[in-house]
Amino acid sequence: MKAAVIESVGRAVVTEVPDPTPGPREVVVEVAACGLCGTDLHILQGEFAPKLPIVPGHEFAGEVVGVGTQVTEVAVGDRVAVDPSLYCYECRYCRDGHNNLCERWAAIGVTVPGGAAQYAVAPVANCVKLPEHVRTQDAALVEPLSCAVRGYDVLNSRLGAHVLIYGSGTMGLMMLELAKRTGAASVDVVDLNPARLETARRLGVSAAAANADELDRPRGWEVVIDATGNAAAIQDGLGRVAKAGTFLQFGVADYATRVTIDPYRIYNQEITITGSMAVLHSYERAAELFANGVLDPEVFISDRLPLDSYPQALEQFAAGVGRKIVVIP
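These notes cover the structure that comes with them. It should be emphasised that the depicted structure is a prediction, and the values quoted were computed from it without experimental measurement. (Residues numbered from 1 in each chain as written. Predicted model: local features only at pLDDT ≥ 70, side-chain atom pairs only at ≥ 80, totals over all residues. Heavy atoms only, no water.)

## Considering the nonpolar core
So, step 1. The biggest cluster of nonpolar side chains holds 50 residues, and the ones touching the most others in it are Leu 145, Ile 165, Ile 225 and Phe 250.
So, step 2. Secondary-structure elements contributing two or more residues to this core are helix H3 (142-155), strand S10 (162-166), helix H4 (170-181), strand S11 (186-190), helix H5 (194-202), strand S13 (221-226), helix H8 (283-291) and helix H9 (297-300).
So, step 3. Membership of the second largest hydrophobic core comes to 34 residues, among which are Ala 4, Val 31, Cys 34 and Phe 60. (Core = buried A, V, L, I, M, F, W, Y, C linked by side-chain atoms within 4.5 Å. Buried < 20%, exposed > 50% of the residue type's maximum accessible area, 1.4 Å probe, protein only. Helix = DSSP H or I, 4+ residues; strand = E, 2+ residues; numbered from the N terminus.)

Here's what the structure looks like:
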């Protein structure tokens, strides 16, 4: 079958690889669409994936075309979205319910072959059936949405909070949509990309600017979310948190990224700094929210490119052009 492969640091190609075979409790999914994510860029840079080469793609959906000998939950022909998370269920963190912090954490498209291919293998337990009205190609958005749902689980924010989001790429826009639905009094967005800011305005942001100084919130925001992973944005955001407020590190930064905190201010103003890592008990809820129309796929997906264009799609994504880019095998 044809697949995208990150062969080595900085090099991605499209090539032929062996067809996958399901284990007893696995299924083979014919991929309808696979989204690109910042994690894919980190893998290209040599981060996250324990070894290369790897078939990337952890945001995907498709049709079941093969099932293992012990699979009864889905059948050939079912359309599914796939949670890429792979946990050991044995370590302390898994036993504590923090599976996303698993000591043996793995993921489809990160540590094992993923959905940037014609076919992908997944545990049946990771497959969520799609209702009839949901387009399979659009359901590649369920996985990033599940990460955003996890982010709001961590925030546990109060009704009426004023929210500031750094970044209006796919994840920032998803956090915007969820903020509107979790009772925020206002949601402001900061981004240097004018086209992305325009999309935020289209989705009903309270205010959008290239710099938080342009926004009218002198006492800061009760909730500040970084959805960029960029050191300058993170540093600026830490200084915008209101007293008793919360800063959420949601964007994925490079390993080497460093910022400075003010311990006295954190103590004196009771500021919370927290993080949100991937998916945790949120995939099924995200699938239901998606089926109920929490996101408009035509707004969120800016480019649908053929799998053969995967290397070019990575370049476009790295350049910040467009919103969610998906490849179609």
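And the narrative resumes.
## Some details on the pattern of salt bridges
So, step 1. The full count for this structure, using the stated rule, is 16 salt bridges.
So, step 2. Measuring nitrogen to oxygen at the nearest pair gives 3.1 Å for the salt bridge that ties Lys 2 to Asp 308. Remark: Asp 308 occurs in the loop between strand S16 (301-306) and helix H10 (310-318) and Lys 2 occurs in strand S1 (residues 2-8); sequence separation between them is 306 residues.
So, step 3. For Lys 2, a relative accessible area of 28% translates into the label partly exposed.
So, step 4. For the salt bridge of Glu 177 with Arg 181, the shortest nitrogen-to-oxygen distance reads 3.4 Å. Here Glu 177 pairs with Arg 181, and both are found in helix H4, just four residues apart, close to one helical turn. (Salt bridge = Lys/Arg side-chain N within 4 Å of Asp/Glu carboxyl O.)

## Looking at H3
Helical geometry note: an α-helix holds 3.6 residues per turn, so side chains three or four residues apart project in the same direction.
So, step 1. With 14 residues, H3 extends 20 Å between its outermost C-alpha atoms, agreeing within 8% with the 20 Å of an ideal straight helix rising 1.5 Å per residue.
So, step 2. Summarising burial for H3: twelve of the 14 residues are buried, a large majority.
So, step 3. Summarising the contacts, the buried residues of H3 are in contact with strand S4 (59-67), strand S5 (79-82), H4, S13, strand S14 (241-249) and H8.
So, step 4. In the segment just after H3, Asn 156 is the residue with positive phi, at about 50°. (Expected span 1.5 Å × (residues − 1). Contact = heavy atoms within 4.5 Å.)

## Points about helix H6 (residues 231-238)
So, step 1. Three or more residues of H6 are buried, namely Ala 233, Ile 234, Gly 237 and Leu 238. Buried residues along H6 cover an arc of 130° about the axis, so they all sit on one side.
So, step 2. In the core, the buried residues of H6 are packed alongside S10, S13, S14, helix H7 (263-268) and strand S15 (272-275).
So, step 3. Taking the backbone nitrogen of Ala 232 as reference, a side-chain oxygen 3.0 Å away marks Asn 230 as the first, capping residue of H6. (Arc of directions from axis to C-beta. Polar contact = N/O pair within 3.5 Å; in protein donor to acceptor, adjacent residues only side chain to side chain.)

## As for unusual backbone geometry
So, step 1. Omega for the bond connecting Leu 52 with Pro 53 falls within 30 degrees of zero, at 5°, which places this linkage in the cis form.
So, step 2. In this fold, Pro 53 is placed in the loop between helix H1 (38-44) and S4.
So, step 3. Even without being a glycine, Tyr 89 presents a positive backbone phi close to 60°.
So, step 4. Counting through the fold element by element, Tyr 89 comes out in the loop between strand S6 (85-86) and helix H2 (92-95).
So, step 5. By relative accessible area, Tyr 89 is classed as exposed at 59%.
So, step 6. Although it is not a glycine, Ala 244 sits at a positive phi angle of roughly 65°.
So, step 7. Within the fold, Ala 244 resides in strand S14.

## Looking at the sheet that holds S14
Whenever strands of a sheet pair, they do so through backbone hydrogen bonds, lying parallel or antiparallel.
So, step 1. Pairing in this open sheet of six strands is parallel, and the strands run S12-S11-S10-S13-S14-S15 from one edge to the other. With partners counted over all chains shown, the strands left at the sheet margins are strand S12 (207-209) and S15, one partner each. Adjacent strand axes in the sheet meet at a mean angle of 15°, parallel and antiparallel pairs treated alike.
So, step 2. As judged from the four bridges shared by S14 and S15, these two strands associate in the parallel manner. Residue pairing across strands places Phe 247 opposite Ile 273, the latter belonging to S15.
So, step 3. Packed onto the sheet, H6 meets S10, S13, S14 and S15 and runs at close to 155° relative to S14. (Pairing = 2+ DSSP bridges. Axes fitted to C-alpha atoms, helices over the stretch in contact; angles between N-to-C directions.)

## Some details on the packing of aromatic side chains
So, step 1. Tallied over the entire structure, the rule returns three aromatic pairs.
So, step 2. Seen in terms of ring centroids, Phe 48 and Tyr 255 are 5.7 Å apart; in terms of plane orientation they differ by 50°. Their pairing is tilted. Residue Phe 48 is found in the loop between H1 and S4, and its partner Tyr 255 is found in the loop between S14 and H7; the two are separated by 207 residues along the sequence. (Phe/Tyr/Trp six-rings, centres within 6.5 Å; stacked < 30°, edge-to-face > 60°.)

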